[in-house]
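# Topology and contacts: notes
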Amino acid sequence: MKKKLWYMLGIMLLCLGFFAGGNTAQAAGVTAKKVAYVDAVKKSIELRFESFSQGGYTYKLTDLDRKAVVKSGTLEEGTTALSIPLEEQYRENARYKLEVTGANKQVLGKYYYTGTAIKGLKAVRQSDNSLKCSWTVTNAKKYNGYQLTTHIGASPSYVLGANLRSGGTTSKILPASKLKNNFYRIYLISYKTIGGANYAGQGLLINTDYVKVPERVVGFSAVPDTGRAKLSWSAAVGASYYNVYMAEKSTGTYKAVLKKVKGTSCSVTGLKAGKKYYFKVRAVAQGTRTTASGKYSAAKSASIPVVAGQVKNLKCGLDSEYNMALVWDKTANATGYRIYYKKSTDLAYKRLVTTKKTQYALGDLAEENVSYTFKVRAYTKVGSKTYWGTAPSKEITFNPKQYMKDNFEKMLADSVRSIGYIGTTRCVYTSKKYPKSVKLAFVNHKGYSSQTKYLIWISHYTQQVSIFEGKKGDWKMIRTFVCATGTAKNHSPRGTFKLSYKEKGWFYTNTKELYVSHYCGRNSFHTRPLWNDGSVQDPTIGKPASHGCIRCYNQDAKYIYDKIPCGTTVVSY
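Residues numbered from 1 in each chain as written. Predicted model: local features only at pLDDT ≥ 70, side-chain atom pairs only at ≥ 80, totals over all residues. Heavy atoms only, no water.

## Points about the overall build of the chain
Within the chain, the regular secondary structure consists of four helices and 43 strands. Relative to a compact globule of 573 residues, whose C-alpha radius of gyration would be 25 Å, the chain shows 48 Å and is clearly more extended. In terms of overall dimensions, the chain has a C-alpha envelope of 155 × 50 × 45 Å along the principal axes. Expressed as a percentage of contacts within the chain between residues at least 6 apart in sequence, the contacts between residues at least 24 apart total 62%. Averaging the locations of the 88 positively and 35 negatively charged side chains of the chain gives two centres separated by 8 Å. (Helix = DSSP H or I, 4+ residues; strand = E, 2+ residues; numbered from the N terminus. Rg over C-alpha atoms; globule rule 2.2 N^0.38 Å. Contact = heavy atoms within 4.5 Å. Lys, Arg positive; Asp, Glu negative; His and termini not counted. Charge placed at Lys NZ, Arg CZ, Asp CG, Glu CD.)

Written out as structure tokens, the structure reads:
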């Protein structure tokens, strides 16, 4: 009775060693991790093992039932896999022993038992990311049970295993907590206990690239900006990266616009102003060879604002008080502007000022003998949000003090502007008058000349006529007076002309205009319309009112008629 108990205890210890040891076995002096099974389809003996000898190996496969060596040979150094085809020598229910001997005389051995009992091994990822391995049993009595092992790649070291002690078992769940995103080899190997020894039986092998499905993206937001949408979200568990999708309608087709975003924020650029876009984000887990995508996030929309474009024509000039200033063109859709500057020794720009005007007096900077670089960017205010223009202006660099010294006359001349028209109904002009310094700078710096010793300048913007005496580059102002130029529907001609001829007046049935001095076809200087008795029929002066001529007070029209000879240059601007 005692002998029987000791025998049973020995059998149990052997089985426990097989179950607990997984693929680590000790044989003939060497302990090595290995995978051993019979491939019933190929009719071969299979062995994967970790290297335990330098200098190569020899192997010997013995048919234990026939007590004969079936196959033998040598293996090169570094070999870790051995497949021995039995071919016509294969038969069911046969026992074999394989011994692999290293150059160091250490031996790795394993017992095999042939016989078909299983088929159709497959591994399917479940909704909870567990991996369900299942197969079909064709002969539940053939073997005592199975060993299911999971290995990373071709390594014989297993990372997750299960010993199934029933030959009729057909599935096993591998929990997600024990698996990582990786490429696995999964073996299902039958075993049979004969005479107290464990024999590796029929085995099945599948390869699978296991990837856990990441969680759905939450905390997603889409914030509109200038020509783009700024997206952000919370990190999703299991995500390797994220794909961003966009549609132009809430019910439209979402297309990937950004792929493999590593962080939890990004910007989708190139969006059209005034248009609404819809976005979703999806987490992606990267395996060794495949990927797994989580569910789409909730959709978020962003209405791209209509904002200012790039500030144009930034230059050094004068403000309305003729102080040295930065000036630029008005930018469509701009609420205001921000000016940045830096000295030649600065690495980064500094904010100078924010303004709603299109000019900014440099103040103390104009007195500094230092070189500065400036740029201006427009912004648009929509509700409580501020959006920056599409791009800052081009940079300009100059020394304010030196520039003022070298270019003051030019800046005065450049500060002069002409009238503007809005359709045929509105003229853009001012009641403010240029100072004498500006008028002299305009005619002298621009280099106007005349065949006579006089020069006439019609300023459409200020509705003034100025008369100069002298010569090119040295004109002196001798008279200035208010006028009325043509309306938006009847523009006065602009350009450089000459007084051509004069008429005492134009006389109609009830009205007349006197002291007519022609400078461009029938366009001329003359009085305001008068009744035949000499009283004023239309008193308008100081703003556009004529059909193209320059209307003047009587004394001013008479001055040109009497004093300024034909051939005199007329600058109409």
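## With respect to unusual backbone geometry
Unlike most non-glycine residues, Glu 87 shows phi in positive territory, near 55°. Here Glu 87 is to be found in the loop between strand S6 (81–85) and strand S7 (95–102). Of note in the backbone geometry, Asn 93 takes a positive phi value of approximately 60° without being a glycine. Within the secondary structure layout, Asn 93 lies in the loop between S6 and S7.

## Points about the packing of helix H2 (residues 400–414) against helix H3 (residues 436–445)
Between H2 and H3, the shortest axis-to-axis distance is 8 Å and the interhelical angle comes to 100°. The orientation of H2 relative to H3 falls into the category roughly perpendicular. Across from Glu 409, Lys 410, Leu 412 and Ala 413 in H2, the residues of H3 making contact are Ser 437, Val 438, Ala 441, Phe 442 and His 445. Of the residues that constitute the contact of H2 with H3, the class distribution is five nonpolar, two polar and two charged. (Axes fitted to C-alpha atoms, helices over the stretch in contact; angles between N-to-C directions. Parallel < 35°, antiparallel > 145°, perpendicular 65-115°, else oblique. Nonpolar A, V, L, I, M, F, W, Y, C, P; charged D, E, K, R; others polar.)

## Here's the deal with the sheet that holds strand S24 (residues 315–318)
What the three strands build is an open sheet, ordered S24-S25-S28; its pairing is antiparallel. Both outer strands of the open sheet, S24 and strand S28 (359–361), are each paired with one neighbouring strand and no more. This sheet shows a mean twist of 35° between the axes of neighbouring strands, independent of strand direction. Relative to strand S25 (residues 324–327), S24 runs antiparallel, the two being bridged by four bridges. Each bridged residue has a counterpart across the sheet, and for Cys 316 the counterpart in S25 is Leu 326. Each of S24 and S25 is contacted by H2, which is oriented at about 65° to S24, the strand it contacts most. (Pairing = 2+ DSSP bridges.)

## Considering the state of the cysteines
On inspection of all chains with the given rule, the structure shows zero disulfides. Free of any disulfide, Cys 549 has its nearest cysteine sulfur in Cys 552, 9.9 Å distant. With no disulfide of its own, Cys 552 lies 6.3 Å from the sulfur of Cys 483, the closest cysteine sulfur. (Disulfide = S-S within 2.5 Å.)

## With respect to the side chain of Asp 209
Tracing the sequence through the fold places Asp 209 in strand S15 (residues 197–210). At 6.2 Å, Arg 289 is the nearest oppositely charged side chain to Asp 209, a buried residue that forms no salt bridge. Of note is the side chain of Asp 209, whose polar atom sits 2.5 Å from the backbone nitrogen of Arg 289. Ignoring sequence-local partners within four residues, the contact set of Asp 209 consists of Asn 182, Phe 183, Gly 287, Thr 288, Arg 289 and Thr 290. (Buried < 20%, exposed > 50% of the residue type's maximum accessible area, 1.4 Å probe, protein only. Salt bridge = Lys/Arg side-chain N within 4 Å of Asp/Glu carboxyl O. Polar contact = N/O pair within 3.5 Å; in protein donor to acceptor, adjacent residues only side chain to side chain.)

## As for the nonpolar core
Ranked by size, the top nonpolar core spans 36 residues in total, and within it Leu 326, Trp 328, Leu 362, Phe 374, Phe 398, Val 443 and Trp 457 carry the most contacts. Beyond its immediate sequence surroundings of up to four residues, Leu 326 is in contact with Leu 314, Lys 315, Ile 339, Thr 358, Gln 359, Tyr 360, Leu 362, Phe 374, Ile 396 and Phe 398. Grouped together as the second largest cluster of nonpolar side chains are 29 residues, Leu 75, Val 100, Leu 108 and Tyr 187 included. (Core = buried A, V, L, I, M, F, W, Y, C linked by side-chain atoms within 4.5 Å.)

## Overview of the sheet that holds strand S13 (residues 171–174)
Pairing is antiparallel across the open sheet formed by three strands, whose spatial order is S9-S10-S13. Sheet topology places strand S9 (118–125) and S13 at the edges, where each strand pairs with a single neighbour. Sheet twist, expressed as the average angle between the axes of neighbouring strands with direction ignored, equals 15°. In terms of strand pairing, strand S10 (residues 131–137) meets S13 through four bridges, oriented antiparallel. When the bridges of S13 are listed, Ser 134 appears paired with Ser 171.

## As for H3
Taken as a whole, H3 has its buried residues at Val 438, Lys 439, Ala 441, Phe 442 and Val 443. Its buried side turned inward, H3 meets H2, strand S34 (454–459), strand S35 (464–471), strand S36 (474–484) and strand S43 (569–572). Just past H3, the residue Gly 447 takes up positive phi, approximately 75°.

## Observations regarding the pattern of salt bridges
Opposite charge on two side chains allows them to pair when their charged atoms are near. If you walk through the whole model with that rule in mind, you get 19 salt bridges. With a shortest N-O distance of 2.7 Å, Arg 91 and Asp 63 are connected by a salt bridge. Taken together, the residues span a long stretch of sequence, with Arg 91 in the loop between S6 and S7 and Asp 63 in strand S4 (residues 57–63) at a distance of 28 residues. Between Arg 228 and Asp 225 there is a salt bridge, and its shortest N-O distance comes to 3.1 Å. Linked by salt bridges that have partners in common, Asp 63, Asp 65, Arg 91 and Arg 95 make up one network.

## Structural notes on helix H4 (residues 554–563)
Buried residues of H4: Asp 556, Ala 557, Tyr 559 and Ile 560, and no others. Take H4 and look down its axis: the buried residues cluster within an arc of 155°, on one side only. (Arc of directions from axis to C-beta.)

## Thoughts on the packing of aromatic side chains
Summed over all chains, the structure comprises 24 aromatic pairs. Aromatic pair Tyr 113 and Tyr 143: ring centres 6.0 Å apart, planes at 90°, arrangement edge-to-face. With a gap of 30 residues between them, Tyr 113 in strand S8 (residues 107–113) and Tyr 143 in the loop between S10 and strand S11 (145–152) connect regions that are remote in the sequence. With a relative accessible area of 4%, Tyr 143 lands in the buried category. Among the aromatic side chains, those forming a connected cluster through ring pairs are Tyr 341, Tyr 372, Phe 374, Phe 398 and Tyr 403. Over the aromatic face of Phe 183 sits the side chain of Arg 289, whose NZ or CZ is 3.7 Å from the ring centroid. (Phe/Tyr/Trp six-rings, centres within 6.5 Å; stacked < 30°, edge-to-face > 60°. Lys NZ or Arg CZ within 6 Å of the ring centre and 35° of its normal.)

## Considering the pairing of S11
Along S11, seven of the eight residues are buried, which leaves the element largely enclosed by surrounding structure. Linking S11 to strand S12 (residues 158–164), which pair antiparallel, is a turn of five residues; within it Gly 153 sits at a positive phi near 60°.

## Focus on the side chain of Lys 439
Tracing the backbone through its elements, the reader meets Lys 439 in helix H3. Buried and unpaired, Lys 439 has no salt bridge, with Asp 556 as the nearest side chain of opposite charge at 12 Å. Among all residues touching Lys 439, those that are not within four sequence positions of it are Tyr 434, Trp 457, Gln 464, Ser 466, Phe 468, Met 477 and Thr 480.

## Some points on the environment of Ile 560
Within the secondary structure, Ile 560 is located in helix H4. Residue class for Ile 560 comes out buried when judged on its relative accessible area of 0%. If near-sequence neighbours (up to four positions away) are discounted, Ile 560 is found in contact with Ile 456, Ile 467, Phe 481, Leu 499, Lys 502, Ser 517 and Phe 525.

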